[in-house]
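Letter by letter, the chains look like this.
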Amino acid sequence: MSIILTIIILGVLAMAHEWGHFIAAKLNHIFVSEFSIGVGPKILSWQGKETMYSLRLIPFAAYVAMKGGDEDKETEDDAETETAESFLTAPVYDADSFLGKKAWQKIVVMLAGPVMNLVVAGLLFAAIFMMMGMPSNSNILGDVVENSPAAVSGLAAGDEILSVNGIAISSWTDLVQAIRENGGEPLQIQAKHEGALKDFFVTPEISAEDGVPRIGITQAVKTPNVFYSVYLGFKETAYFSVNMLSILAKMFTKEVPLELTGPVGMVDMVGTAMSYGFINILYFAALLSINLAIFNLLPIPSLDGSKVLFVLLEKLRGKPIPPEKENMVHLVGIVCLMALALFVTYQDILKLFS
């Protein structure tokens with residue numbers, strides 16, 4: 001089951017990535033001959049007004065065939081007929097070709113894939129917040145741990161704490177501060193319990209781990225609305241993106257060990273996430289989507305980051321890099337990435353039997 005789920009997650013994330021390229025290409029009036037979900041032999045297809053939409057056999061990938069793109073790269077022979085003076089000017093490509101677009105348009109199309117992965121991550125996190133809720137800073141108890149000092153005193157989930165030792169309490173922050181400042185001394189807690197005011201006497205337990213006094217209560221959870229959930233989702237995406245970039249930088253400086261996971265390791269991770277429930281699967285998918293976005297932005301040949309770099313180099317040179325040379329660089333990159341994937345997969349298999 002974890003294998004099937006891994007394929008589905010990878011397929012959805014790959015499709016979202018390519019959908020970003022597709023939408024950006026369309027908005028910039030680039031001809032797209034095909035949008036494919038999956039790669040390999042074609043299972044079925046539908047011809048749209050301009051683009052053919054297809055479903056192919058291998059589901060954990062996708063691609064967009066743009067005119068002048070990787071799947072349909074033009075060469076100078078596709079440009080207008082050369083003249084004796086053509087070596088002094090840049091070749092002219094069709095207006096609906098990727099190669100015929102301005103530098104900023106090419107960059108937008110290339111960045112749209114990783115950006116779409118970040119959008120997917122943000123929406124997945126938003127869904128998690130809506131399903132799980134978020135800690136509330138109210139003075140109402142979320143839960144009371146069984147056999148804890150609070151439970152023994154009679155406090156219950158839903159009680160509204162009004163004061164601690166005569167000090168007014170209006171938030172969870174106030175409550176935690178009042179308990180900690182009192183140390184391990186007995187507390188007189190006034191609360192609204194079952195609709196009536198009542199005093200409870202509680203003696204905190206000092207945690208052996210950190211020396212912090214606790215009485216065994218948890219925060220209430222509130223469910224944010226859709227808009228706030230989306231805001232929190234993208235805030236979480238930004239946090240993890242910065243964190244992953246920081247870890248990546250530390251890997252390059254050898255402050256942290258380089259760790260790579262291939263398909264086999266990913267199946268194992270999905271299996272672990274499944275054992276903890278649906279929310280954890282969404283969480284894993286969101287983190288994987290962020291990883292995919294950041295990885296694609298690296299200046300590694302064949303990835304979006306390197307294609308953006310080529311566009312910037314062309315801008316600095318003042319003339320395009322011959323497509324056949326760029327294609328060769330990307331081909332070498334693909335071969336290297338495939339070799340790396342095989343090596344990582346081999347390492348993952350060894351870990352399973354170690």
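Residues numbered from 1 in each chain as written. Predicted model: local features only at pLDDT ≥ 70, side-chain atom pairs only at ≥ 80, totals over all residues. Heavy atoms only, no water.

Brief notes about a nonpolar patch on the surface
Line of reasoning, step 1. Taken together, Ile43, Leu44, Leu55, Leu57, Ile58 and Phe60 make up a surface patch of nonpolar side chains, about 540 Å² in accessible area.
Line of reasoning, step 2. Those elements that place two or more of their residues in the nonpolar patch are strand S1 (32-47) and strand S2 (52-66).
Line of reasoning, step 3. When residues in the nonpolar patch are grouped by element, the largest group, four residues, is from S2.
Line of reasoning, step 4. In this structure, leucine 44 sits in strand S1. (Patch = residues over 30% accessible without salt bridge, like charges linked within 9 Å, V, L, I, M, F, W, Y side chains within 5 Å. Areas by Shrake-Rupley, 256 points an atom, 1.4 Å probe, with all protein chains shown as cover. Salt bridge = Lys/Arg side-chain N within 4 Å of Asp/Glu carboxyl O. Helix = DSSP H or I, 4+ residues; strand = E, 2+ residues; numbered from the N terminus.)

Brief notes about helix H7 (residues 278-296)
Line of reasoning, step 1. For H7, which comprises 19 residues, the first-to-last C-alpha distance of 27 Å matches the rise-based estimate of 27 Å (1.5 Å per residue) to within 8%.
Line of reasoning, step 2. By the burial criterion, the buried members of H7 are Ile281, Leu282, Phe284, Ala285, Ala286, Leu288, Ser289, Ile290, Ala293, Ile294 and Asn296. (Expected span 1.5 Å × (residues − 1). Buried < 20%, exposed > 50% of the residue type's maximum accessible area, 1.4 Å probe, protein only.)

Some details on the sheet that holds strand S7 (residues 187-193)
Line of reasoning, step 1. The strand order across the open sheet built from four strands is S6-S5-S7-S8, with neighbouring strands paired in antiparallel fashion. Two strands close off the open sheet at either side, each with one partner strand: strand S6 (167-168) and strand S8 (196-202).
Line of reasoning, step 2. Relative to S7, strand S5 (residues 160-164) runs antiparallel, the two sharing four bridges. Within S7, the residue paired with isoleucine 161 across the bridge is alanine 191. (Pairing = 2+ DSSP bridges.)

Side note on the packing of helix H5 (residues 226-252) against H7
Helix-helix packing is characterised by the crossing angle of the two axes and by the distance between the axes.
Line of reasoning, step 1. Taken N-terminus to C-terminus, the directions of H5 and H7 make an angle of 55°; their axes are 10 Å apart at the nearest point. Here H5 lies oblique to H7, going by the angle between them. Judged by the twist between their axes, the crossing of H5 over H7 is right-handed. Of H7, the residues touching H5 (which contributes Glu236, Thr237, Phe240, Ser241, Met244, Leu245 and Leu248) are Tyr283, Leu287, Ile290, Asn291 and Ile294. (Axes fitted to C-alpha atoms, helices over the stretch in contact; angles between N-to-C directions. Parallel < 35°, antiparallel > 145°, perpendicular 65-115°, else oblique. Left-handed = near helix turned anticlockwise from the far one by under 90°. Contact = heavy atoms within 4.5 Å.)

As for the pattern of salt bridges
Line of reasoning, step 1. With the rule as written, the count across this model stands at five salt bridges.
Line of reasoning, step 2. The partner of glutamate 34 in a salt bridge is arginine 56, with the nearest N and O atoms 2.8 Å apart. You can see glutamate 34 sitting in strand S1 and its partner arginine 56 sitting in strand S2, a full 22 residues away along the chain. The exposure classification of glutamate 34 matches that of arginine 56, with both residues buried.
Line of reasoning, step 3. Close ionic contact of aspartate 94 with lysine 67 constitutes a salt bridge, the shortest N to O distance being 2.7 Å. Remark: lysine 67 occurs in the loop between S2 and helix H2 (103-132) and aspartate 94 occurs in the loop between S2 and H2; sequence separation between them is 27 residues.
Line of reasoning, step 4. Its relative accessible area of 34% is what places aspartate 94 among the partly exposed residues.
Line of reasoning, step 5. Connected through shared salt-bridge partners, Lys67, Asp94 and Asp96 make up one network.

Observations regarding the packing of H2 against H5
Line of reasoning, step 1. Two elements in contact, H2 and H5, have axes separated by 7 Å at closest approach and are oriented at 125°. It follows from the interaxial angle that H2 and H5 lie oblique. Crossing of H2 against H5: the hand is right-handed. Note on element contacts: H5 touches H2 through Val226, Ser229, Val230, Leu232, Gly233, Phe234, Glu236, Thr237, Phe240 and Ser241, opposite Leu118, Val119, Ala121, Gly122, Leu123, Phe125, Ala126, Phe129 and Met130.
Line of reasoning, step 2. Considered class by class, the residues forming the contact of H2 with H5 number 13 nonpolar, five polar and one charged. (Nonpolar A, V, L, I, M, F, W, Y, C, P; charged D, E, K, R; others polar.)

Topic: helix H8 (residues 304-317)
Line of reasoning, step 1. The first and last C-alpha atoms of H8 sit 20 Å apart over 14 residues, in line with the 20 Å expected at 1.5 Å per residue.
Line of reasoning, step 2. Within H8, burial applies to Asp304, Gly305, Ser306, Lys307, Val308, Phe310, Val311 and Glu314.
Line of reasoning, step 3. Glycine 318 sits one or two positions beyond H8 and adopts a positive phi of about 85°.

Points about the packing of aromatic side chains
Line of reasoning, step 1. Tallying each qualifying case throughout the model produces 10 aromatic pairs.
Line of reasoning, step 2. Centre to centre, the rings of tryptophan 46 and tyrosine 53 are 5.4 Å apart; their planes meet at 25°, and the pair counts as stacked.
Line of reasoning, step 3. Taking the relative accessible area as the measure of exposure, tyrosine 53 reaches 26% and is therefore partly exposed.
Line of reasoning, step 4. With a centroid separation of 5.7 Å and an interplanar angle of 10°, the aromatic rings of phenylalanine 125 and phenylalanine 240 are classed as stacked. (Phe/Tyr/Trp six-rings, centres within 6.5 Å; stacked < 30°, edge-to-face > 60°.)

Some details on the confidence of the model for the protein
Where the model shows low pLDDT, its predicted coordinates should not be examined in detail.
Line of reasoning, step 1. Summarising the model, the protein shows a mean pLDDT of 84, and 86% of its residues fall at 70 or more.
Line of reasoning, step 2. Across residues 73-89, confidence stays below pLDDT 50; counting only partners more than four residues off in sequence or on other chains, it has 22 contacts. (pLDDT = per-residue confidence, 0-100.)

What to know about the environment of serine 171
Line of reasoning, step 1. Looking at the element boundaries, serine 171 is found in the loop between S6 and helix H4 (172-181).
Line of reasoning, step 2. Classification of serine 171 as buried rests on a relative accessible area of 10%.
Line of reasoning, step 3. Taking the C-alpha atoms as reference, serine 171 lies 4.3 Å from asparagine 139; in sequence the two are 32 residues apart.
Line of reasoning, step 4. Serine 171 has contacts with Asn137, Ser138 and Asn139, leaving out every residue within four places of it along the chain.
Line of reasoning, step 5. Among the polar contacts made by the side chain of serine 171, one reaches the main-chain amide nitrogen of aspartate 174 at a distance of 3.2 Å. (Polar contact = N/O pair within 3.5 Å; in protein donor to acceptor, adjacent residues only side chain to side chain.)

What about the nonpolar core?
In a soluble, globular protein the nonpolar side chains are often hidden away together inside.
Line of reasoning, step 1. Membership of the largest hydrophobic core comes to 21 residues, with the highest contact counts inside it found for Ile9, Leu124, Phe125, Phe284 and Ile290.
Line of reasoning, step 2. Every element with two or more residues in this core is listed here: helix H1 (2-27), H2, H5, helix H6 (263-275) and H7.
Line of reasoning, step 3. Take this core: its biggest share by element is eight residues, from H7.
Line of reasoning, step 4. Those residues in contact with phenylalanine 125 that sit more than four places away from it in its chain are Gly233, Glu236, Thr237, Phe240, Tyr283, Ala286, Leu287 and Ile290.
Line of reasoning, step 5. Counting residues in each nonpolar core, the second largest holds 18 residues, with Leu141, Ala178, Ile189 and Ala191 among its members. (Core = buried A, V, L, I, M, F, W, Y, C linked by side-chain atoms within 4.5 Å.)

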